[in-house]
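Commentary on secondary and tertiary structure
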Amino acid sequence: MFSFSDLKIPIIQAPMAGGVCTPELVAAVARAGGVGSFGFAYSTPQKIAEDLMAARALTSNGGRAGNGSAGGNVSPSRQARGGAINANFFVFKPVALPESDVQQAAMQALQKIPVSPDVFDAPPEMPSAPFYPDLHEQIAPVWQYKPDILTFHFGIPDASIVEQAHALGIAVGMTATCVTEAMAIETAGADFIVAQGIEAGGHRGIFDVNADDEQLSTIELTKQLVKHCSRPVVAAGAIMDGTDIRVMLNAGASAAQMGTAFLCCEESGATPAHKDFLLNQTQRGSVLTMGFSGRPARGIRNAFIDHMQDKTVLPFPIQNTFTGGMRKWAAQTNNGEYQSLWAGTEYHRVRAMPAAAFMNALAAEMTHES
Ligand SMILES: Cc1cc2nc3c(=O)[nH]c(=O)nc-3n(C[C@H](O)[C@H](O)[C@H](O)COP(=O)(O)O)c2cc1C
């Protein structure tokens, strides 16, 4: 079973749903001796199978990650100090469409978008059930292709999933934003906990969006989880270079999970507008918004986030489907103002280079005295 001491470099390239985590990116990080992650939140079982197979093909020559042939035994070939592959999923909660007045208000919010300079004139349709993919169906290819690691965001999956993963020798991790969530994760039998600080880009992993959010910073949360939990803790949020990684390791973390830092890698599937804003719109800052998906997520401030302030949104992930047409249009027209440009607070320090070179740079920085 995967262990953090197997890694050559204690880095998890964060799972990032929405096309960012190409097999090329995942494989490059794994080959460099870190963990390459797929963000399969909304993916179909077929796409999941294709991506896992593609990453395995890319890591089978010269790389350490990958578990041999499909359906075979777990990872006889993963050697000490090699990399690993992670498949990540969302734990969606049952959800229904709200009352019609809320639907109307959410509809109004999207109809009155100031869309200049381009024209977006496709009014959104109210989504209908099923509102999210079935986790058991999505995960079937994982049992077949057996990545080294399986992680979950937004909560704890069925006990049967953790049991099956362990039976196949797959390590399980889950995101926590506070000690209470971390304790529940330990009780569920997870092998490690991802401590996601408030600075982190993308969706906040808090289990219950209606609960009080302690909004702990990455370093503070990491320290608290290391103190209260017996499982390894992975720090996530605003970690951009080797010095940042070392700070987290010194605080007791077993590894650093980095998302934003990998977005401008050559192999990243982030849209051109996303990369452009990360590199060139550094003064905007990143903010938390519910506007795109109905759940708090951190992204570069843009026209849509401003527009949605104080507007009605549908519950997660219905709002995500609801804004899907607009986001697709924005991607097609290369309009960064209406895409979700997920990014952590330190995005202005992002670097554009091939992933292997970036991993080498991080490893070198970790060993430098500052
Ligand atoms: C573009 C983007 C997409 C993300 N999607 C996911 C996801 O699908 N699953 C997940 O567990 N975390 C996701 N995250 C959060 C990361 O796992 C991690 O917590 C975060 O990237 C750490 O903060 P940083 O971006 O400052 O490095 C995403 C982050 C970004 C930037």
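Refer to the structure presented above.
Report on the accompanying structure. Along each chain, numbering runs from 1 in the same order as the chain's sequence is written. Reporting of local features is limited, given that this is a predicted model, to residues whose pLDDT is at least 70; pairs of side-chain atoms are given and counted only at 80 or more, and all residues count toward the totals for whole chains, interfaces and linings. No hydrogens and no water enter the side-chain calculation; it runs on all heavy atoms of the structure.

1. What to know about the environment of Ala-363
The numbering of helices and of strands both runs from the N terminus, where a helix is a DSSP run of H or I of at least 4 residues and a strand a run of E of at least 2. Checked against the element boundaries, Ala-363 lands in helix α13 (residues 355–367). Relative accessibility decides the category of a residue: with a 1.4 Å probe and only protein chains considered, values under 20% of the type maximum give buried, values over 50% give exposed, and everything between is partly exposed. Since its relative accessible area comes to 24%, Ala-363 is described here as partly exposed. Spatially, the C-alpha atoms of Ala-363 and Pro-133 are 38 Å apart, while their sequence positions differ by 230 residues.

2. Some details on the pattern of salt bridges
Just to be clear on terms, a salt bridge is a Lys or Arg side-chain nitrogen sitting within 4 Å of an Asp or Glu carboxyl oxygen. The final tally for this structure, using the stated rule, is eight salt bridges. The partner of Arg-204 in a salt bridge is Asp-213, with the nearest N and O atoms 2.6 Å apart. On the basis of relative accessible area, Arg-204 is assigned to the buried category, the value being 3%. For Asp-244, the salt bridge identified is with Arg-349, shortest N-O distance 2.8 Å.

3. What about the sheet that holds strand β2 (residues 35–39)?
With parallel pairing, eight strands are arranged side by side around a closed barrel as β1-β2-β3-β4-β5-β6-β8-β9. For this sheet, the mean angle separating the axes of adjacent strands, direction not counted, is 25°. By this definition, two strands are paired if DSSP reports at least two bridges between them. Here strand β5 (residues 171–176) runs beside strand β6 (residues 192–196); their pairing, made up of four bridges, is parallel. Residue pairing across strands places Gly-173 opposite Phe-192, the latter belonging to β6. With respect to the sheet, helix α2 (residues 45–60) is in contact with β2 and β3 (84–90), its orientation differing from that of β3 by roughly 165°. To obtain each axis, a line is fitted to C-alpha atoms, and for helices this fit is confined to the stretch in contact; angles are then taken between N-to-C directions over 0 to 180 degrees. Contact between two residues is taken to exist if any of their heavy atoms lie within 4.5 Å; hydrogens are not considered.

4. Remarks on helix α6 (residues 179–187)
Among the residues making up α6, those that are buried are Val-179, Glu-181, Ala-182, Ile-185 and Glu-186. All buried residues of α6 fall inside an arc of 160° around its axis, so they share one side. Exposed and facing more than 90 degrees away from the buried side of α6 are Thr-180 and Thr-187. Check the buried side of α6 and you find it contacts β5, β6 and α7 (218–228). Looking one or two residues beyond α6, the residue adopting positive phi is Gly-189, at roughly 90°. Taken from the helix axis, the directions to the C-beta atoms give the arc we talk about.

5. Section: empty space enclosed by the protein
Here a cavity is any set of points on a 1 Å grid over the protein atoms alone where a 1.4 Å probe fits but cannot get out, and a pocket is any open set with protein on both sides within 12 Å along at least 5 of 7 lines; a residue lines the site when it has an atom within 4 Å of a point. Grid points are joined across faces, edges and corners, and a volume is the space filled by probe spheres set on the points. Under the criterion given, the structure shown has two cavities of 30 Å³ or more. Of the pockets and cavities examined, the second largest cavity occupies roughly 40 Å³. Around the second largest cavity sit Gln-196, Gly-197, Ile-198, Ala-200, Gly-202, His-203, Arg-204 and Leu-288, which together line it. The class makeup of the residues in the lining of the second largest cavity is three nonpolar, four polar and one charged. Throughout, the ten residues Ala, Val, Leu, Ile, Met, Phe, Trp, Tyr, Cys and Pro are labelled nonpolar, Asp, Glu, Lys and Arg are labelled charged, and all others, Gly among them, are labelled polar.

6. Regarding the packing of helix α8 (residues 242–250) against α13
Running from N to C, α8 and α13 point in directions that differ by 60°, and their axes come no closer than 7 Å. Comparing the axis directions of α8 and α13 gives the class oblique. Of the two possible hands of crossing, α8 and α13 adopt the one that is right-handed. Counted together, Gly-242, Thr-243, Ile-245, Arg-246 and Leu-249 of α8 and Leu-362, Glu-365, Met-366 and Thr-367 of α13 form the full contact between these two elements. Considered class by class, the residues forming the contact of α8 with α13 number four nonpolar, three polar and two charged. Angles are sorted into four bins: roughly parallel if under 35 degrees, roughly antiparallel if over 145, roughly perpendicular if 65 to 115, and oblique for all others. Crossing handedness is defined as follows: a turn of the near helix away from the far one that is anticlockwise and smaller than a right angle gives a left-handed crossing, while the clockwise case is right-handed.

7. Overview of the nonpolar core
Buried residues of nine kinds, namely Ala, Val, Leu, Ile, Met, Phe, Trp, Tyr and Cys, make up a nonpolar core once their side-chain atoms join them within 4.5 Å. Phe-89, Leu-150, Phe-152, Leu-225, Met-258 and Phe-262 are the most contacted members of the largest nonpolar core, which has 75 residues in total. In this structure, Leu-150 is in contact with Asn-86, Ala-87, Phe-89, Ile-139, Val-142, Trp-143, Ile-161, Ala-165, Ile-170, Ala-171, Val-172 and Gly-173, ignoring residues within four places of it in sequence. Of all hydrophobic cores here, the second largest spans 20 residues; its members include Ala-109, Phe-292, Phe-304 and Phe-322.

8. Here's the deal with the packing of aromatic side chains
The geometry of two aromatic rings is summed up by the distance between their centres and the angle between their planes. Note on aromatic contacts: the rings of Phe and Tyr and the six-membered ring of Trp form a pair at centre separations within 6.5 Å, being stacked when their planes are under 30 degrees apart, edge-to-face when over 60 apart, and tilted otherwise. Per the stated rule, a full pass over the model turns up 17 aromatic pairs. Centroid distance Phe-4 to Phe-192: 5.1 Å. Interplanar angle 85°. Geometry classified as edge-to-face. Taken together, the residues span a long stretch of sequence, with Phe-4 in the segment before β1 (11–13) and Phe-192 in strand β6 at a distance of 188 residues. Take Phe-4: its relative accessible area is 14%, and that puts it in the buried class. Judged by its relative accessible area of 1%, Phe-192 is buried. Ring centres of Phe-90 and Phe-154 lie 4.4 Å apart, and the angle between their planes is 50°; this geometry places the pair in the tilted category. Taken together, the residues span a long stretch of sequence, with Phe-90 in strand β3 and Phe-154 in the loop between β4 (149–153) and α5 (159–167) at a distance of 64 residues. Comparing Phe-90 with Phe-154, the two get one shared label, buried. The structure contains a cluster of three or more aromatic residues connected by ring pairs, namely Tyr-42, Phe-90, Phe-92, Tyr-132, Phe-154 and Phe-316. By definition here, charges over rings are those cases where NZ of Lys or CZ of Arg is within 6 Å of the ring centre and within 35 degrees of the ring normal. Across from the ring centre of Phe-154, 3.9 Å away, lies the NZ or CZ of Arg-295, which sits over that ring.

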